[in-house]
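Residue-level listing of the chains:
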Amino acid sequence: MWAVIGVWDIDEDLIDAIRSQVPDMAAGKINLPGFVHGTWTMDGHAVLVFADEPSALQYYEDMLTQGAVDRPGIRSVVWHLSEVGAESDTTGWTARDGTRHAQP
């Protein structure tokens, strides 16, 4: 799996407007090719996980092309594409090689 990671510095006068858009931003990603999971914080952090590198790279590049990464009052601090090393949930975790580890 691959992740697109974003961190933004948002002007104080825009933060409430951005926060109100978070649910719509999240819901709008569900049908993206290869999309697996996303998390958005209320203070300008996001991690979107994709099943494969081409899907993640397409999203990464589309956001740059659309100008969505860096806008007036919303400055990109991190915009990064990275291979996922592991994942976890309440039932255990999955290693990079796909081996599933149950909670003890």
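Residues numbered from 1 in each chain as written. Predicted model: local features only at pLDDT ≥ 70, side-chain atom pairs only at ≥ 80, totals over all residues. Heavy atoms only, no water.

**Description of the pattern of salt bridges**
Under the defined criterion, the tally for this structure stands at 2 salt bridges. When the shortest N-O distance is used, the salt bridge between R75 and D9 registers 3.0 Å. On the criterion of sequence distance, the pair formed by R75 in strand 4 (residues 74-83) and D9 in strand 1 (residues 2-10) is long-range, its members being 66 residues apart. For R75, the salt bridge goes to D11, with nearest N and O atoms at 2.8 Å. Residue R75 is located in strand 4, and its partner D11 is located in the loop between strand 1 and helix 1 (15-27); the two are separated by 64 residues in the primary sequence. (Salt bridge = Lys/Arg side-chain N within 4 Å of Asp/Glu carboxyl O. Helix = DSSP H or I, 4+ residues; strand = E, 2+ residues; numbered from the N terminus.)

**Examining the packing of aromatic side chains**
The description of an aromatic ring pair rests on the distance of the ring centres and on the angle between the ring planes. Considering all chains together, one arrives at 5 aromatic pairs under this definition. Seen from their ring centres, W8 and W79 are 5.8 Å apart, and the 50° between their planes marks the pair as tilted. Placement of W8 in strand 1 and of W79 in strand 4 is noted, with a sequence separation of 71 residues between them. Here W8 falls in the buried class, since its relative accessible area comes to 18%. Ring geometry for F35 versus F50: centroids 5.9 Å apart, planes at 80°, classification edge-to-face. Linking F35 in strand 2 (residues 35-40) with F50 in strand 3 (residues 45-50), this pair joins segments that are 15 residues apart in sequence. (Phe/Tyr/Trp six-rings, centres within 6.5 Å; stacked < 30°, edge-to-face > 60°. Buried < 20%, exposed > 50% of the residue type's maximum accessible area, 1.4 Å probe, protein only.)

**Section: the confidence of the model for the protein chain**
Of all residues in the protein chain, 98% attain a pLDDT of 70 or more, and the chain-wide mean is 89. The secondary structure element of the protein chain with the lowest average pLDDT is strand 6 (residues 92-95), at 71, and the one with the highest is helix 2 (residues 53-65), at 97. (pLDDT = per-residue confidence, 0-100.)

**Topic: the sheet that holds strand 2**
Pairing is antiparallel in the open sheet, where 4 strands are placed in the order 2-3-1-4. On the outer flanks of this sheet lie strand 2 and strand 4, each paired with one strand and no other. Recorded for the sheet is a direction-independent mean angle of 10° between the axes of neighbouring strands. Judged from the 9 bridges that link them, strand 1 and strand 4 form a sheet pairing that is antiparallel. Bridge pairing links D9 to R75 in strand 4. Across the face of the sheet, helix 1 comes into contact with strand 1, strand 2 and strand 4 while running at roughly 160° to strand 2. The strands touched by helix 2 within the sheet are strand 1, strand 3 and strand 4, with strand 4 carrying the most contacts at an inclination of about 165°. (Pairing = 2+ DSSP bridges. Axes fitted to C-alpha atoms, helices over the stretch in contact; angles between N-to-C directions. Contact = heavy atoms within 4.5 Å.)

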